[in-house]
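Given next are the chains, with one letter for each unit.
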Amino acid sequence: MNINAARLTLIGATIPALEADLAGRAQLSAALGVPVPDNWPPELYDAPAIEWTLNRLRNRTGPDDGLGMYYIVLRDGSSSVLVGVGGAGISEEAGPGVVEIGYGVLPQFQRRGYATETVASFLSLAFAIDNVTRVIAQTMPDLIASIRVLEKNGFRLRGEGFEESAILYEVTRDHYGSSSDAIGVTGT
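From a predicted model like this one, the values you see are computed outputs, not experimental measurements.

Help me understand the overall build of the chain, please; the structure alone is not making it clear to me.
The number of helices and strands found in the chain is 6 helices and 9 strands. Computed over the C-alpha atoms, the radius of gyration of the chain is 16 Å, within 12% of the 16 Å expected from 2.2 N^0.38 for a compact globule of 188 residues. Taken along the three principal axes of its C-alpha coordinates, the chain extends 40 × 35 × 35 Å. Contacts in the chain between residues far apart in sequence, at least 24 positions, make up 63% of those at least 6 positions apart. Roughly 9600 Å² of accessible area belongs to the chain as shown, and the carbon and sulfur atoms make up 51% of that amount. Separation between the mean location of the 14 positive side-chain charges and that of the 22 negative ones in the chain comes to 7 Å.

Here you go:
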C-alpha cells in the first residue's frame, strides 16, 4: 500500500524492497524506482530494524490493515527522491488498540515539514482502523525538532517512554477527531 500526502508518497515496505535495502543503495533505488541519497539511511534506521520488519512481513497473518513500514519519497515536479523512512504498528508494550509510530528523515531534508506530513499520514492511517483508541510515539527529550513534529500533529506529552531515557507522546481518538491537525491523505 502507498499513501499519498501533499508533497510525499509513502511507499509501503515489501519483502523485496527491504531485501534490496539490506543489499545497498543502488538496489534500493532500483526496487523503489527513485534516487537514494548517498547518506542513506537516516539515523537510528539500521540493519536490525530492517531485519525486524522483514520478519514481521514474512510472518504476517490476517488481513493487511496498512500498518507497517514506509519509505518516504518527496515528489518534486517530475522527479522524486527518497528522504526518509517511518512506520506505524500495533504497540507491543502498550497493548491492543494502540498504534506506535516512528520516523526518520535524512539531515538535508529536515526542517521542511516532511516529518510533520508523514506523521499526519500515519495518524490518518491509524485512526481509520476502528479499534485504534490512541497513537503513541517515543522520542528523546533533547530531540526538540522531533518533539515539535509531534506537537504540530496534536500529540501531548504523557511521561516516560518504554525505551530507556525516552519520553512518550500520544494522541487519543477523541482528541484527533475533535482537532483540525490532520493533513489530508489518500491511500493507493
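Moving on from the model shown.
Help me out: how do you make sense of helix H5 (residues 144-152) in this one?
Counting along an α-helix, one turn takes 3.6 residues, and residues three or four places apart therefore face a common direction. Of all the residues in H5, the buried ones are Ser 146, Ile 147, Val 149 and Leu 150. The buried side chains of H5 occupy one side of the element, clustering within an arc of 155° when seen end-on. Structurally, H5 contributes buried residues whose contacts are with strand E5 (98-105), helix H4 (114-127), strand E6 (134-139) and strand E8 (167-172).

Help me understand the pattern of salt bridges, please; the structure alone is not making it clear to me.
If charged atoms from side chains of opposite charge come close, those side chains can pair. By the definition in use, this model includes 6 salt bridges. A salt bridge links Arg 58 to Glu 19; the nearest nitrogen and oxygen atoms lie 2.7 Å apart. Of this pair, Arg 58 sits in helix H3 (residues 47-58) while Glu 19 is found in helix H1 (residues 15-23), placing the two residues 39 residues apart along the sequence. Relative accessible area serves as the criterion here: at 38%, Glu 19 is assigned to the partly exposed category. In this structure, Arg 134 and Glu 170 form a salt bridge, with 2.6 Å as the shortest nitrogen-oxygen distance. Placement of Arg 134 in strand E6 and of Glu 170 in strand E8 is noted, with a sequence separation of 36 residues between them. Arg 134 sits in the partly exposed class, given a relative accessible area of 23%.

Please clarify how the packing of aromatic side chains should be interpreted in this entry.
Aromatic ring pairs: the centre-centre distance and the angle between the two ring planes describe each pair. Going through the model one piece at a time under the given rule, you end up with 4 aromatic pairs. When the ring of Trp 40 is compared with that of Tyr 45, the centres are 5.9 Å apart and the planes differ by 65°; the resulting orientation is edge-to-face. A ring pair is formed by Trp 40 and Tyr 71, whose centres lie 6.3 Å apart and whose planes are at 40°; its orientation type is tilted. Residue Trp 40 is found in the loop between helix H2 (25-32) and H3, and its partner Tyr 71 is found in strand E3 (residues 68-76); the two are separated by 31 residues along the sequence. Look at Trp 40 and you get buried, because its relative accessible area is 9%. Through a chain of ring-to-ring contacts, the aromatic side chains of Trp 40, Tyr 45 and Tyr 71 assemble into a single cluster.

Reading guide: rules and limits
In this numbering scheme, every chain counts its residues from 1 along its sequence in written order. Reporting of local features is limited, given that this is a predicted model, to residues whose pLDDT is at least 70; pairs of side-chain atoms are given and counted only at 80 or more, and all residues count toward the totals for whole chains, interfaces and linings. For the side-chain quantities, the full set of heavy atoms in the structure was used; hydrogens and water were omitted. Per the convention used, a helix needs a DSSP run of H or I reaching at least four residues, while a strand needs a run of E reaching at least two, with both numbered from the N terminus. For a compact globule the rule gives 2.2 Å times the number of residues to the power 0.38, and the radius of gyration it is set against comes from C-alpha atoms. Whether two residues are in contact is decided by their heavy atoms: any pair within 4.5 Å suffices. A 1.4 Å probe and the Shrake-Rupley method give the accessible areas. Residues count as covered only by the protein chains that appear here. The charged-residue count follows a simple rule in which Lys and Arg add positive charge and Asp and Glu add negative charge, with His and chain termini not counted at all. One atom stands in for each charge, and that atom is NZ of Lys, CZ of Arg, CG of Asp or CD of Glu. The buried label goes to any residue with under 20% of its type's maximum accessible area, the exposed label to any with over 50%, and the partly exposed label to all in between, with areas taken from a 1.4 Å probe on protein chains only. Arc, as used here, means the arc of the directions from the helix axis to the C-beta atoms. Note on definitions: salt bridges are taken to be side-chain nitrogens of Lys or Arg within 4 Å of carboxyl oxygens of Asp or Glu. Classification of ring pairs rests on two measures: the distance between centres of Phe, Tyr or Trp rings, Trp counted by its six-membered ring, which must be within 6.5 Å, and the angle between planes, read as stacked under 30 degrees, edge-to-face over 60 and tilted in between.

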